[in-house]
Structures are given as structure tokens and as C-alpha cells.
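# What the coordinates show
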Amino acid sequence: MSEALANLLNETRQFPPPAELAANANVKADAYDEAATDRLAFWERQAGRLAWSKQWDQVLDWSNPPFAKWFVGGQLNVAYNCLDRHVEAGRGDKVAIHWEGEPGDTRTLTYADLHKLTCQAANALTELGVTAGDRVAIYLPMIPEAAAAMLACARIGATHSVVFGGFSADALTNRIQDASAKLVITADGGYRRGKPSALKPTVDEAVAKCPSVEHVLVVRRTGEDVAWSEKDHWWHETVETASPEHTAQPFDAEHPLFILYTSGTTARPKGILHTTGGYLTQTSYTTHAVFDLKPDTDVYWCTADIGWVTGHSYIVYGPLSNGATQVMYEGTPDTPHKGRFWEIVDKYKVTILYTAPTLIRTMMKWGEDIPAGYDLSSLRLLGSVGEPINPEAWIWYRQHVGRGELPVVDTWWQTETGSIMISPLPGVTEAKPGSAMTALPGIAADVVDDQGQSVPNGGGGYLVLREPWPSMLRTIWGDDNRFIETYWSRFGAGAGGGESGGDWVYFAGDGAKKDDDGHIWLLGRVDDVMLVSGHNISTTEVESALVSHPSVAEAAVVGATDPTTGQAIVAFAIPRGSVETGGDAGEQLIADLRNHVARTLGPIAKPRQIMLVPELPKTRSGKIMRRLLRDVAEHRSLGDVTTLQDSSVMELIAKGMSGGK
Ligand code: 6R9
């Protein structure tokens, strides 16, 4: 793999941190040395940023790999760390959440308010028979109750399983059944694209098939009519009438905090299990280090949904454990208009913005005039997560959102890793657009070849993690074997030994390369890598080449079976807003784009075919579903489309495809 990748992607631009940010950064360059000198002592110091009821006896127990235990013997309460300790320190009046509903209604919750609501919810859950170790499914829109529900579970030691509010009854049923959840917390609905979108009927359908569910707690958000059964309880009649007095009990550092299902590329979702002490240590530290969060002055906004891991770690646990003031937004970026995000940044004077490449590329498509219409001068740091960010999207983000000055942190991590693992440090790193740069202090990331050997600088292969980390997944819920098989059996001791004699190596499932300076570039899921005439070519690199053309906002690339080359590159490109694509202009653009890719990456990467499309199929968390595009490119009927955000997109694309080449 290494050889073919060596000549791809010649991105050489590099941006040092702004001097003032560098001078005042929470974390400076010495953190790398500190962690390199004694990794466990480093993590022990980060655990010390939290309030523990009982000190741990051992930092890491790795005697039964790949099952890790962190901060063994230690005890703490996660909700206490996110709420009580801030209130006790006199910061109860500080705003925790500036909430903005899609229709424009707003709520402001201070730390004291969120603490009260969480305590009431904890009492209500206890009243409904939920005890430590029970599982609770949460199926809510982006409203403050979602954070309170998660924290209430953490407070009483119940394990939450948040299911994204856009998922179907089947998906919800499977997740409730897999975890045998006892309680479901939901709402009548939420607002989406300007209208109420019901949730309760989906829960009713699921609960009918889930005998484990004893009660359903329902928040009233839209006020629409809902069917009612004897299992149902209104949140405002149960939680909001409960006592606000609740003393948080400490739980073991390895007590299960939550399960979050990730579907990955294969069908059956995996219940990723996270525990208490290590998870909170690392989410809390990375929020402090990567976002340089200053709780007294920053207004932080992560645009993810709470149904994804980004919402868990960087809306709930990371920011709240640091005492941050944050914005939480219920709806979509273009309701009621395409400037909604920038309007929110302007209104709340957001200083730190954390969003996804899909959002940035959508904004590129809509045009830079839209952000230019708002005052974004409060911003001081920009973050990206979810997919590789194409260099041009990175530059656009810095230029049109970040005034051409702000640092952009491209953060690589997964549901499984729990926290950010590879990222620039905003006050230290000279960032390169498109690269996640280096492993954070205390993290051992590497790129290896097929044999599991570390590749030299300039080489490419598979991203691995060589040492356990505090917020690592502990297993797949109910399936230890699948945990070992999926993540630990590709390389190292889990693959049957190897020369290293017993080192366990975590296989992330992403392709990556090291550039000449040893910086890491993520190249997409390994299942998406194309094999063209014997050369491995990453979808990400061809997509980035396409996006570097001034007429293209977004692109997706797949390998389709080809009689001569094995696989051939088929690309789908969304033109930028103002680009003419009718008739000859479209044909001309396609020819230009094919040549542009060949010039940028070499003739081997020239797409056999390019389609201009209005949209791309994406998962509900915004990741491109290349599997479906492969079906189209190979003229197959479409596979499973249940996780697709908008199913009409595929019809549009398929129609265009059969219409000509
Ligand atoms: C946090 C999250 C994980 C997968 C991961 C990778 C992709 C996430 C990325 C990135 C390149 C980044 N990914 N961040 N790829 N650069 N900065 O997204 O978790 O939903 O579990 O997805 O997302 O492929 O393996 P999750």
C-alpha cells in the first residue's frame, strides 16, 4: 500500500498557531515530553483534574488484555463531577446551556438549574425502579432534557443507551432488546426542518416488542397528541414534581457508564461499552487540551447530535466536567434559512466551534456570502470531526469562518476510542490542512503495513493504537469474542503473537499515511480503499483532489468492478452553488475534472467516470455512504438504506447514472 500512496496528496501549506493563543494555551509542547517520559503518571495527573471519592490503587491493569481496567479501585460520580462540584465552588449561576430550539424558542440553564433538573430526574428514575446497573434507553431530540437524562443515569449508576432520534422503530427495538433496557426516556417529538417530527409513535411501536421495558418517560416538547398506555409517564408530572435533593453515590471507576451502538459497515450494530473513571478523565482532558477551553470566558458550541459519540463526549461529559458555557441547538442548519448557524454564533458570541466536514462542504456549496453576512468575530478556535476533512474544505473553513487566522483542529477518534486521539494542539501545532497531525500526549498511534510493521515516513497502511488509553471501549456489550475479533485480531498478540511477543494492537479500521514529517493523514475506512491496476488508491485523496477544483463543493469516490483494471474509479461530485452544469457546460466540467485529478494525483487516479449530482447519500451523522454509491456504480439494486438520511437522494443519483456516462 505504501508505494502507491507516496506520490499522492502534496499538501504543503502549514499554519502556526496565533501567537496570543500559543502564549496562553492550556496545554503547551511540554505535555508531549511529560507523557513520553511516563505515560501512566501523565494519565494519573489528568485523572487528578476530577473529583474522586476514593483514590485508585493502580493506574492501569492490563493483565488480561485486551480487557483494560483504568484507575483500579478508584470511585467517583460522573454527574457530581459535571454539576455539583461547579455549584459547590460558587459557579451555580454560570450558564451551562444556552439552548436554541429550531422554531426560535430559547432556554437558558445555569449549572444550578441543570443540577436541579438532574437531581429531580435521578429521584424520578429511582422512583420508577431504576437502580445501579440497569439499562435506560434515551430517544430524545436535542433538548436540555437529553443532557439531564444522561446525567441522571450517571448519577444513579444506570447505564444509558442513547439512540439517535432519527432512527426507525426497528433500529430502536434492536437496541432496546440488545441491552434489555428497563426504561425508555423520549419526547412527543422535536422540531426538524420547520415542523414537528414525532418520536413517541416510534417508541410505542418498539416498546410493543420489548418486554424488558417497564416504563416510558415522555418529555412534552411539541405538544402534539400522543397515544398513551399505562407504562407512560409525563416528564413534567414525574421529574419536575420530584424532590430536587439528591446525594450522588460514588461508583467504581470501571462501572458501566453507557452503551452506544455503532453500525459500521456491516449490518449488526455493536454496543460499544464505556465505563466511568477513564472515560471521564480523557474526555475532560481532551476538551481542555484540544479546544483550549477557558470556562470563564469561552462560549463553546459543538453542532453534533447527542445521539452520536461526539454529542456524548463533547456536548455532555467533556464540556460539563470542565464547567463550560455552551450552546445547544435543536435543529437543522438551513431552517429557516441557510445562515442559521452563523446567526447562532453571532447571537451567543460563540468562541469555539466544533463541527463536521459534511457541514463545512455544505456551507461551501451554499457560498461564502452566507457566513460573510454575520459577525463571526467572537470565534477563536475551529474544530472538525467525523470524516477526513479535504484540504480545500479546511482552508475554506479557516478563511470564511475563521477570518483567515483561526486555528483549525482536525480531530480523529471513534465511538470506540471515546475521546479525541489524534489532533493538533491549538497552541502548539503548525497544522497542515487535511492532516490530523499527531497523537495527543499519552496516546500511541502508528501506521502499519499488512504485516503489522510500522511504516516509515512517506508510507501508508492501517491506523493502529499501540497502547491502551483511559477512554477506550471495554468490550462490545454481551459479546467479548466479537470485541476481540473486530479490534484486536488483525495485528499483534491478538492475531496470534508476532515477533513482539505479546503486544496487543488495536485495529481502528481506517487507512492512513505518514507524510515526510511523520504527520498522520487519515484516508477513510479501509473497506473503501480502491485497488486500481494493482495500486491502492484512497477514496479520500481522490475526493480531496476533486474538492480542490474551484467548481466542486463535495465529492464521493468509489471503486467499481472493471474488466481491465480490477477496479475503476467512479466519482460523484456536487458542483458549487454558482457553477453552470447544463448541457455542454456539464460535459466540459466533467472532462476538466478528470484531467484535474490526473494532474493532481497522477494518471492512475483519473476517474473512469464522473457524475455531477445534487446531493450525496449520507448517514444521519453526516458520513458519506460509499457502499450505496458502489451499488449504483456497479448497477446493482441498492442494499440496506435504513441508515440513510434522505432516501430520495439515491433515486436522483441512480436516475442520472442510467441516463448516461
Ligand atoms: C467521532 C466519530 C469513527 C470514524 C473513524 C473515521 C472517521 C472521524 C475523523 C475521521 C478522518 C477525522 N473519522 N473523525 N476520519 N479524520 N478527523 O466520528 O465517531 O461515528 O464512531 O466514526 O469516523 O473513519 O473511524 P464514529
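Parameters and conventions
Residues numbered from 1 in each chain as written. Predicted model: local features only at pLDDT ≥ 70, side-chain atom pairs only at ≥ 80, totals over all residues. Heavy atoms only, no water. pLDDT = per-residue confidence, 0-100. Contact = heavy atoms within 4.5 Å. Buried < 20%, exposed > 50% of the residue type's maximum accessible area, 1.4 Å probe, protein only. Helix = DSSP H or I, 4+ residues; strand = E, 2+ residues; numbered from the N terminus. Core = buried A, V, L, I, M, F, W, Y, C linked by side-chain atoms within 4.5 Å. Pairing = 2+ DSSP bridges. Near = heavy atom within 4 Å. Polar contact = N/O pair within 3.5 Å; in protein donor to acceptor, adjacent residues only side chain to side chain. Areas by Shrake-Rupley, 256 points an atom, 1.4 Å probe, with all protein chains shown as cover. Nonpolar A, V, L, I, M, F, W, Y, C, P; charged D, E, K, R; others polar. UniProt positions renumbered as here; feature names shortened; annotations may be inferred.

## What about the confidence of the model for the chain?
- Residues at a pLDDT of 70 or more form 95% of the chain, whose mean pLDDT is 93.
- Contacts of residues 1-7 to residues separated by more than four positions or lying in other chains number 18 contacts, the stretch itself having pLDDT below 50.
- The complex prediction reports pTM at 0.94, with the ipTM value standing at 0.99.

## Remarks on helix H20 (residues 626-633)
- By the criterion of burial, H20 is predominantly enclosed, with 7 of the 8 residues buried.
- Taken as a whole, H20 has its buried residues at Arg626, Leu628, Leu629, Arg630, Asp631, Val632 and Ala633.
- Looking one or two places after H20, you find histidine 635, whose phi comes out positive at around 55°.

## Some words on the nonpolar core
- Of all hydrophobic cores here, the largest spans 135 residues; its most connected members are Ile185, Phe291 and Tyr317.
- Non-local contacts of phenylalanine 291, meaning those with residues more than four positions away in its chain, are made with Thr286, Tyr300, Tyr314, Ile352, Tyr354, Arg380, Leu381, Val409 and Ile420.
- Formed by 48 residues, the second largest nonpolar core is a distinct cluster that contains Val299, Val345, Ala393 and Ala571.

## Let's talk about the sheet that holds strand S6 (residues 135-139)
- Spatial ordering of the open sheet is given by S12-S11-S8-S6-S7-S14-S15-S23, a layout of 8 strands whose pairing is mixed. The open sheet terminates on both sides in strands that have one partner only, identified here as strand S12 (232-234) and strand S23 (475-476).

## Quick look at the site of the ligand
- Every one of the 16 residues lining the ligand counts as a neighbour, but Asp410, Thr411, Thr415, Asp510 and Arg525 are closest to it.
- The contact in question runs from an oxygen atom of the ligand to an N or O atom on the side chain of threonine 415, over 2.6 Å.
- Lysine 623 places a polar side-chain atom, nitrogen or oxygen, 2.9 Å from an oxygen atom of the ligand.
- Here the ligand loses 90% of its free accessible area of 530 Å² to cover by the protein chains.
- Listed by contribution, the elements that provide at least two residues to the shell around the ligand are helix H12 (309-321) and strand S25 (520-525).
- Residues of the shell around the ligand, tallied by class, amount to 6 nonpolar, 5 polar and 5 charged.

## Notes on the UniProt feature "modified residue: N6-acetyllysine" (unreviewed entry) in the chain
- Mapped onto this numbering, the UniProt entry gives "modified residue: N6-acetyllysine" (unreviewed entry) at Lys623.
- Considering the arrangement of structural elements, one finds lysine 623 in the loop between strand S30 (609-612) and H20.
- For lysine 623, a relative accessible area of 36% corresponds to the partly exposed category.
- Leave out the neighbours within four places in its chain, and lysine 623 touches Gly386, Glu387, Pro617 and Lys618.

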